[in-house]
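Summary of structural features
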Amino acid sequence: MLKKITTVASVVLLSALTACSSGGGGGTAPSNGGGTITMGFAQVGAESGWRTANTKSIQDEAKAAGIDLKFSDAQQKQENQIKAIRSYIQQKVSVIAFSPVVETGWDTVLLEAKRANIPVILTDRSIDSDDTSLYKTFLGSDFVEEGRKAGDWLVANASGPTTVVELQGTTGAAPANDRKKGFEEKIAAKPDIKVVASQTGDFTRSGGKQVMEAFLKSQPKIDVVYAHNDDMGLGAIEAIKAAGKVPGKDIKIITVDAVKDGMTALANGEINFIVECNPLLGKQLMDLAKKVVAGEDVPARVVTEEGTFTQEQAKTALPQRQY
Ligand code: GZL
C-alpha cells in the first residue's frame, strides 16, 4: 500500500538539444522565394483533451506566423495520415509536419516527400526508422522520462506489496511504448510494486473506463492505476466510482498530460499525481518550419519543457493553466 502522500515538487526544464540536423530532405528545401510558406499538417485525431489543445496551438501559431496551414484529422488511423501526407506532396506544400500515430510504417511515404524535395518535421510523437534523413527534426516530449517521473513518484510513495494496473496508450504509439518503459525502469527498484494487468485504452476516456471496468472484475486487489494519459485516468475514475470505491483514496491514480480536466481531478483528490506533457508545440513548430524552408540548420531533436504536479501544486496551478 501507499505511505501517506508526501509532496515532491520536481520541475525538470529540458532545453533544445543542439545538433545540426542530420535530416536531408533530399538536398536543399524547395526555394520558397520568400513567399508565403504553406504547411501540410497531418494530425493524429481528436482523441483527448491533450490533442485538442495541441491542435489549437498549431492552428493559432500558424496564423500568428503568417503560415498557410493545410490541416487534416486522421481519426487515429495511420492510413489516413499517409493519405494526407501524399495529398500535401501533390499540392507541393513548402513543408510537411505530423504527429505519427504509431512508430512504424512511415519510410515509404516519407521517401516520397524526400524525393519531392519537401522537408518533414515530426512533432509530438517520433517514428522508429533507421533513416533519419527522412525528417529534419523531432519536436516533442521525452516520453521515457515522463514514465520515469511517474515511476519515481510511486516508488517514493508506496510501502509494502502494491498492485498496479496500467492503462496503456494507443498500441504501437511512441508515448505508449516509452511511458511504459520509463515506468517499469523505475519501479524495478521496489519488487513489492507489481503491475498485475496492462491493456490499451487507446488514449480515450471511454477506452480507459471500459478497461478499468474489466480490471475491477478480474483483479482481486488494485492499489494503483497508472494511466498513460489524463483522459483514460478520468474514464477509470468513472469505473472506480461505479464499483463503489473512492478514486484517489481506495485506489490511487497516476496519469500523464496535465490537461484542465485532469488537473481538476488532481486538485479534488481523485487523482494523486500527474506528469505534465506539454501540447503547446505550435510556436516552436512554426519557428522550426521557417528555418527548415529557408534551408537553415535546425537541431535534430527539440525536447519540450514540462514538469509534474502533486495535488497541492494543482490547486495553485489550475487558475493559470491555458488548456
Ligand atoms: C503525447 C501525446 C499523447 C497524449 C494523449 O505527446 O501524443 O496523445 O499523452 C494524446 O493525451 O492522445
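Placed above this text is the structure.
Structure report, in brief.

What counts and what doesn't
Residues numbered from 1 in each chain as written. Predicted model: local features only at pLDDT ≥ 70, side-chain atom pairs only at ≥ 80, totals over all residues. Heavy atoms only, no water. 1 Å grid on protein atoms, 1.4 Å probe; cavity = no way out; pocket = protein on both sides within 12 Å on 5 of 7 lines; lining within 4 Å. Points joined across faces, edges and corners; volume = space filled by probe spheres on them. Helix = DSSP H or I, 4+ residues; strand = E, 2+ residues; numbered from the N terminus. Nonpolar A, V, L, I, M, F, W, Y, C, P; charged D, E, K, R; others polar. Buried < 20%, exposed > 50% of the residue type's maximum accessible area, 1.4 Å probe, protein only. Contact = heavy atoms within 4.5 Å. Expected span 1.5 Å × (residues − 1). Arc of directions from axis to C-beta. Domains from an automatic or database assignment.

**Focus: the layout of surface pockets**
The probe, sized like a water molecule, is rolled over the atoms to show the empty space still left. There is about 180 Å³ of room inside the largest pocket. Forming the walls of the largest pocket are Thr52, Ala53, Lys56, Ser57, Asp60, Glu61, Leu280, Lys283, Gln322 and Tyr323. Residue contributions to the lining of the largest pocket peak at 6 residues, all from helix 1 (residues 49-65). Grouping the constituent residues of the lining of the largest pocket by class yields 3 nonpolar, 3 polar and 4 charged.

**Points about the environment of Lys190**
Residue position: Lys190 is located in the loop between helix 5 (174-187) and strand 9 (193-200). With a relative accessible area of 25%, Lys190 lands in the partly exposed category. The spatial distance from the C-alpha of Lys190 to the C-alpha of Thr162 is 9.5 Å, given a sequence separation of 28 residues. Each residue touching Lys190, except ones within four places of it in the same chain, is listed here: Val155 and Ala158.

**Quick notes on helix 6 (residues 205-218)**
Taking 1.5 Å per residue as the helical rise, helix 6 with its 14 residues ought to reach 20 Å, and the 20 Å between its terminal C-alpha atoms agrees with that figure. For helix 6, every residue scored as buried is listed here: Gly207, Gly208, Val211, Met212 and Phe215. Burial along helix 6 is one-sided: seen end-on, the buried residues are contained in an arc of 120 degrees. Looking at helix 6, the residues exposed on the side facing more than 90 degrees away from the buried face are Gln210 and Lys217. Buried positions along helix 6 lie against strand 8 (162-168), strand 9, strand 10 (224-227) and helix 7 (230-242).

**Remarks on unusual backbone geometry**
What is expected of a backbone is that most residues other than glycine have negative phi and most peptide bonds are trans. Not every positive phi belongs to a glycine, and Gln76 is a case in point at roughly 60 degrees. In this model, Asn117 sits at a positive phi of 65 degrees, which is unusual for a non-glycine residue. Relative to the helices and strands, Asn117 resides in the loop between helix 3 (107-115) and strand 6 (120-123). Overall, the relative accessible area of 27% leaves Asn117 in the partly exposed class.

**Things to note about empty space enclosed by the protein**
In total, this model carries 2 cavities of 30 Å³ or more according to the counting rule given. In this structure, the largest cavity spans a volume of roughly 100 Å³. Considering the residues around the largest cavity, the lining is formed by 13 residues, among which Trp50, Arg51, Arg125, Arg179 and Asp257 are closest to the centre. If you list the elements that add at least two residues to the lining of the largest cavity, you get helix 1 and helix 5. Classifying every residue of the lining of the largest cavity gives 5 nonpolar, 2 polar and 6 charged. Summarising the domain contributions, the lining of the largest cavity has at least three residues from each of domain 1 (38-141 + 279-305) and domain 2 (143-276).

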